[in-house]
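Descriptive structure summary
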Amino acid sequence: MSTWLRAESFAGRVGLVTGSAGGIGAAVCGALVAAGCTVVGCDLASDDLASDDLASDDLASGIEPAGDIARRIRTDVTVQTDVDAAVEASVEAFGGLDFVVGCAGVVLPGRLAEVTASSWRRSFAVNVDGMIHLARAAYPHLRRSPAPAAIAVASLSGLSAYPAGGGYGPSKAALISMARQLAVEWGPDGIRVNVVVPGPTLTPMLRRAQPVEYRAAQARRAPLGRLADPGEIADAVVYLLSSGARAVTGQVLAVDCGLGQTLLAGPGATS
Ligand SMILES: NC(=O)c1ccc[n+]([C@@H]2O[C@H](COP(=O)([O-])OP(=O)(O)OC[C@H]3O[C@@H](n4cnc5c(N)ncnc54)[C@H](O)[C@@H]3O)[C@@H](O)[C@H]2O)c1
């Protein structure tokens, strides 16, 4: 657990994380469990992919064990009734719901003019509909929590063009807009809504989507000279759920080693 977290007690707080079997989702679950939360993990995949898939190669660090998740529920976030059932099961088992983290996502590559209707639709179904399904299901329960919050995990590609990424960037842009609107609509209920925007992060998704040369080039471009690892995305999620962020809502926090700020950087730039 990060040192700064030791001062914060999440004990007794109950949260639901979608995409919990993925690289970032598993790290988020692990960090929240380590902080004292009761965490329900929801994913299409029933097993913890992260520990198998990530232990092997280019991960520097960052996946914390997610073995202490209180419950795993196989959930398809594209189906409202699936998400409703997961939320209801969590509330029934643990007496309420204090926060949700929407981390489920897919990248379906392709140039926009060539992307199929089903690929486009799938990008939006998982990356956008998944979060609104979660928001709808969770809202009545979050309203009853003393410190409610929601986090959407979007992407740098929702802020900056991601060529040949199919509907990924457009869907993440829509997700960011939706989260900001939720923050405004839910503010009077005391529910904070924020967005974490990972840059390229060393997970199975990145390895599937991009070759090693691309990852190395992005690491060189980033001011910190490297890519983030999933544990660093998880730390940002935990911060935004913590009391330290109690006045923070409607914000978009990039965790990208500075990559998003490099538009005007490069050879020939004067200092
Ligand atoms: N890894 C990166 O470089 C990166 C960069 C920016 C944003 N992100 C975002 O972070 C989030 C997590 O990405 P990751 O790198 O851990 O990817 P990942 O592929 O390891 O994990 C994604 C998880 O979402 C789950 N999922 C997919 N469709 C689902 C559905 N219909 N219902 C329920 N679960 C479903 C998958 O089973 C998987 O476990 C995603 O939203 C992704 O877009 C990742």
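Now for a look at the structure at hand. Residue positions are given per chain, counting from 1 as you read along its sequence in written order. The predicted origin of the model limits local features to residues at a pLDDT of at least 70 and limits the giving and counting of side-chain atom pairs to 80 or more, whereas totals for whole chains, interfaces and linings rest on all residues. Note that the side-chain values use all heavy atoms of the structure and ignore hydrogens as well as water.

**What to know about the overall build of the chain**
Short version of the rule: Helical segments are the DSSP runs of H or I of at least four residues, strand segments are the runs of E of at least two, and each set is numbered from the N terminus. For each residue, the accessible area found with a 1.4 Å probe, counting protein chains only, is set against the maximum for its type, and the residue is called buried under 20%, exposed over 50%, and partly exposed in between. We call two residues in contact whenever any of their non-hydrogen atoms come within 4.5 Å of each other. Each accessible area value is a Shrake-Rupley result obtained with a 1.4 Å probe; residue values ignore everything except the protein chains displayed when judging cover.
The helix and strand inventory of the chain stands at eight helices and seven strands. Counting all 271 residues of the chain, 52% fall into the buried class. Sequence separation of 24 or more characterises 77% of the internal contacts of the chain that already satisfy a separation of 6 or more. Accessible area for the chain stands at about 12200 Å²; split by element, carbon and sulfur atoms hold 55% of it.

**Some thoughts on the site of the ligand**
Our working definition: Near is defined per residue: the residue qualifies when any heavy atom it owns lies within 4 Å of the molecule or strand. Counted as a polar contact is a pair of N or O atoms within 3.5 Å, where, for protein atoms, one must be capable of donating a hydrogen and the other of accepting one, and residues adjacent in sequence contribute only when both atoms are in side chains. When residues are grouped by polarity, Ala, Val, Leu, Ile, Met, Phe, Trp, Tyr, Cys and Pro land in nonpolar, Asp, Glu, Lys and Arg in charged, and all others, Gly among them, in polar.
The immediate surroundings of the ligand are formed by 31 residues, with Ile 24, Asp 43, Tyr 168, Thr 203 and Arg 208 found nearest. Here a nitrogen atom of the ligand sits 3.4 Å away from a polar atom, N or O, in the main chain of Thr 75. In the model, an oxygen atom of the ligand is placed 2.5 Å from a nitrogen or oxygen of the Tyr 168 side chain. For the ligand, whose free accessible area comes to 820 Å², the fraction covered by protein is 94%. Residue assignment for the shell around the ligand shows that the elements contributing at least two residues are α1 (23-34), α4 (117-142), α5 (168-186) and α6 (204-209). Take the shell around the ligand: its biggest share by element is four residues, from α6. When grouped by side-chain class, the residues that make up the shell around the ligand number 16 nonpolar, 10 polar and five charged.

**Quick word on the nonpolar core**
Heads up, the condition is: Here, nonpolar core means buried Ala, Val, Leu, Ile, Met, Phe, Trp, Tyr and Cys residues that are tied together by side-chain atoms lying within 4.5 Å of each other.
Among the nonpolar cores identified, the biggest contains 70 residues, and Leu 16, Leu 32, Leu 97, Val 101 and Leu 241 are the most heavily contacted of them. Ranked by the residues each element gives to this core, the list is headed by α4, at nine residues. Other than its neighbours up to four places away in sequence, Leu 32 contacts Val 17, Cys 37, Val 39, Phe 99, Val 238 and Leu 241.

**Re helix α3 (residues 80-94)**
Applicable threshold: To estimate the expected span of a helix, subtract one from its residue number and multiply by 1.5 Å. Read the arc as the range of directions from the helix axis to the C-beta atoms.
Here α3 spans 21 Å end to end across 15 residues, near enough to the 21 Å set by a 1.5 Å rise per residue. Buried within α3 are the following residues: Gln 80, Val 83, Ala 86, Val 87, Ser 90 and Val 91. What you see down the axis of α3 is that its buried residues fit within an arc of 130°, all on one side. Turned more than 90 degrees away from the buried face of α3 sit Thr 81 and Glu 92, all of them exposed. Those residues of α3 hidden inside the fold are in contact with β1 (14-18), β2 (38-43), β3 (71-74) and α4. Taken from the residues just after α3, Gly 95 is the one with a positive phi, measuring 85°.

**Quick notes on the sheet that holds strand β4 (residues 99-102)**
For clarity, the cut-off: When DSSP locates at least two bridges between a pair of strands, those strands are taken to pair. With axes taken as lines fitted to C-alpha atoms, and helix axes fitted only over the stretch in contact, angles between N-to-C directions fall between 0 and 180 degrees.
Here we have seven strands laid out as an open sheet, ordered β3-β2-β1-β4-β5-β6-β7, and parallel in their pairing. This sheet does not close on itself; its edge strands, each paired only once, are β3 and β7 (252-255). Each strand of the sheet is rotated relative to its neighbour by a mean of 20°, with strand direction disregarded. Against the sheet, α1 makes contact with β1, β2, β4 and β6 (192-198), and its axis sits at roughly 170° relative to β1, the strand it touches most.

**Side note on unusual backbone geometry**
Phi is positive for Ala 164, which is not a glycine, with a value near 65°. Residue class for Ala 164 comes out partly exposed when judged on its relative accessible area of 40%. One non-glycine residue, Cys 257, adopts positive backbone phi at about 55°. Residue class for Cys 257 comes out buried when judged on its relative accessible area of 9%.

**Here we look at the packing of α3 against α4**
Note the cut-off: Geometric relationships in this document are graded by angle, where less than 35 degrees denotes roughly parallel, more than 145 denotes roughly antiparallel, 65 to 115 denotes roughly perpendicular, and other angles denote oblique. Two helices cross in a left-handed way if the nearer one is turned anticlockwise from the farther one by less than a right angle. They cross in a right-handed way if the turn is clockwise.
Contact pair α3 / α4: the axes reach a minimum separation of 8 Å and the direction vectors enclose 30°. Considering the angle they form, α3 stands roughly parallel to α4. For the crossing formed where α3 meets α4, the hand is right-handed. Contacts between α3 and α4 pair Gln 80, Val 83, Asp 84, Val 87, Glu 88 and Val 91 from the former with His 133, Leu 134, Arg 136, Ala 137, Ala 138 and His 141 from the latter. Its residues assigned to classes, the contact of α3 with α4 shows six nonpolar, three polar and three charged.

**Regarding the packing of aromatic side chains**
To keep it simple, the criterion reads: Each pair of aromatic rings taken from Phe, Tyr and Trp, with Trp reduced to its six-membered ring, is defined by centres within 6.5 Å and is described as stacked if the planes are under 30 degrees apart, edge-to-face if over 60, and tilted in the remaining cases.
One pass over the structure, following the stated rule, counts three aromatic pairs. Where Trp 120 meets Phe 124, the ring centres are 4.9 Å apart and the plane angle is 40°; that geometry is what we call tilted. A residue pair is termed a helical-turn pair when its members lie 3 or 4 positions apart in one helix, as Trp 120 and Phe 124 do in helix α4 at four residues. Arranged with centres 5.9 Å apart and planes meeting at 75°, the rings of Tyr 162 and Tyr 168 form a pair that is edge-to-face. Classification of Tyr 162 as partly exposed rests on a relative accessible area of 21%. Accessibility expressed as a relative area gives 9% for Tyr 168, which makes it buried.

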